[in-house]
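Chain residues, written in single-letter form:
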Amino acid sequence: MPSLFLYFCIKNFKMINHVRQTVLTVLNKENRGFLTPGQFNLYAKHAQETLFTRYFAEYNRLVALTNNRRSSDVYGDKENMLRKTIERFVKKTSVTQANQKYSKPLDLYHLVSVRYNNAEVEELEKRNELFLLNSNLTGPSENFPVYIDVDDFISVKPNTITSNIDVVYVRKLRTPKWTMSTDFGTIEEPVFTSSALDYQDFELPVEAEAKLVVEILKLAGVTIRETEITQLAQGLDQQETQKENM
């Protein structure tokens, strides 16, 4: 992967601009034409979501290997790294009740847990709801509540619980947006500017840059290996570093 030292040698490094420069460089070499800012932003959103989804699939695979005692120290390190990456997007927030239901946060991607008075609430599968609720011995109580996860809502039992409910969840990633100068009277092509109010960089770690470029190029109809992307990115880093030192 490109050296982190090189990244921090570039003044005001913005990953989304670096990704776009790399993508345009590849498209130019392949004679594939120009990718407009609008097209790039659409592809960037899809690429980030694709990689984020893969994090969960890969993490679940590594956890399964660990549980089956088939993982090595290498797998354990990967599992730990992925967990830390995902945990960057974990949030905790209070939710309020309406019609005996709690609406999930709008930015929820994956529900981690539900808590009542800071204690974990056990999840109850919808298909077991009637059986458990009709049981005199094992029915939920305020000391041992349960929750049911259905679509956009969470239902907490017993119904006497009406407040002090928190949800812990992985939030959705913010939509990346490469923003540009709108002064077209004095420029020949779009110029990147991070001062725009709607600017948003990628939220994935810098280690994901090569994969982001590959995914965007796939959408643009270009197939290329990550090693080639790394070489191109390093070349762009060196060019920018030389400019800074001039």
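Calculation rules
Residues numbered from 1 in each chain as written. Predicted model: local features only at pLDDT ≥ 70, side-chain atom pairs only at ≥ 80, totals over all residues. Heavy atoms only, no water. Helix = DSSP H or I, 4+ residues; strand = E, 2+ residues; numbered from the N terminus. Buried < 20%, exposed > 50% of the residue type's maximum accessible area, 1.4 Å probe, protein only. Contact = heavy atoms within 4.5 Å. Areas by Shrake-Rupley, 256 points an atom, 1.4 Å probe, with all protein chains shown as cover. Pairing = 2+ DSSP bridges. Phe/Tyr/Trp six-rings, centres within 6.5 Å; stacked < 30°, edge-to-face > 60°. Axes fitted to C-alpha atoms, helices over the stretch in contact; angles between N-to-C directions. Parallel < 35°, antiparallel > 145°, perpendicular 65-115°, else oblique. Left-handed = near helix turned anticlockwise from the far one by under 90°. Nonpolar A, V, L, I, M, F, W, Y, C, P; charged D, E, K, R; others polar. Salt bridge = Lys/Arg side-chain N within 4 Å of Asp/Glu carboxyl O.

Draft legend 1. Structural context of the overall build of the protein. Of regular secondary structure, the protein possesses seven helices and eight strands. The buried share of the protein, taken over its 246 residues, is 38%. Considering only intrachain contacts with a sequence separation of at least 6, the fraction spanning at least 24 residues in the protein is 71%. When the accessible surface of the protein is split by element, carbon and sulfur atoms take 49% of a total near 15300 Å².

Draft legend 2. The arrangement of the sheet that holds strand 8 (residues 165-171) in detail. The strand order 1-8-4-5-6-7-3-2 describes an open sheet built from eight strands, whose pairing is mixed. Edge positions in the open sheet fall to strand 1 (90-95) and strand 2 (97-98), since each of these has one partner strand only. With six bridges connecting them, strand 1 and strand 8 associate as antiparallel partners. Bridge pairing in strand 8 places Lys92 opposite Val168.

Draft legend 3. Representation of the packing of aromatic side chains in the model. Evaluation of the coordinates by the stated rule reveals seven aromatic pairs. Aromatic side chains Phe52 and Tyr55 sit 6.4 Å apart centroid to centroid with 75° between the ring planes, which places their arrangement in the edge-to-face category. A residue pair is termed a helical-turn pair when its members lie 3 or 4 positions apart in one helix, as Phe52 and Tyr55 do in helix 3 (residues 37-67) at three residues. Residue classification places Phe52 among the buried positions, given a relative accessible area of 2%.

Draft legend 4. Broad picture of the packing of helix 3 against helix 6 (residues 209-219). Running from amino to carboxyl end, helix 3 crosses helix 6 at an angle of 125°, the nearest separation of the two axes being 9 Å. Taken together, the axis directions place helix 3 and helix 6 in an arrangement best described as oblique. When you trace helix 3 past helix 6, the crossing you get is right-handed. The residues of helix 6 that touch helix 3, namely those facing Phe40, Tyr43, Ala44, His46, Ala47, Gln48, Thr50, Leu51 and Arg54, are Lys211, Leu212, Glu215, Ile216, Lys218 and Leu219.

Draft legend 5. Fine view of the packing of helix 2 (residues 15-29) against helix 6. Axis separation between helix 2 and helix 6 bottoms out at 10 Å; the angle between their running directions is 50°. With respect to their mutual orientation, helix 2 and helix 6 come out oblique. Handedness of the helix 2/helix 6 crossing: right-handed. On the side of helix 2, the interface is formed by Met15, His18, Val19, Thr22, Val23, Val26 and Leu27, while helix 6 contributes Glu209, Leu212, Val213, Ile216 and Leu217. Partitioning the contact of helix 2 with helix 6 into residue classes produces nine nonpolar, two polar and one charged.

Draft legend 6. View of the pattern of salt bridges. Taken as a whole and assessed by the stated rule, the structure comprises 11 salt bridges. The partner of Glu215 in a salt bridge is Lys218, with the nearest N and O atoms 3.3 Å apart. With Glu215 and Lys218 both in helix 6, this residue pair falls three residues apart, about one helical turn. You can call Glu215 buried: its relative accessible area is 8%. Look at Lys218 and you get partly exposed, because its relative accessible area is 48%.

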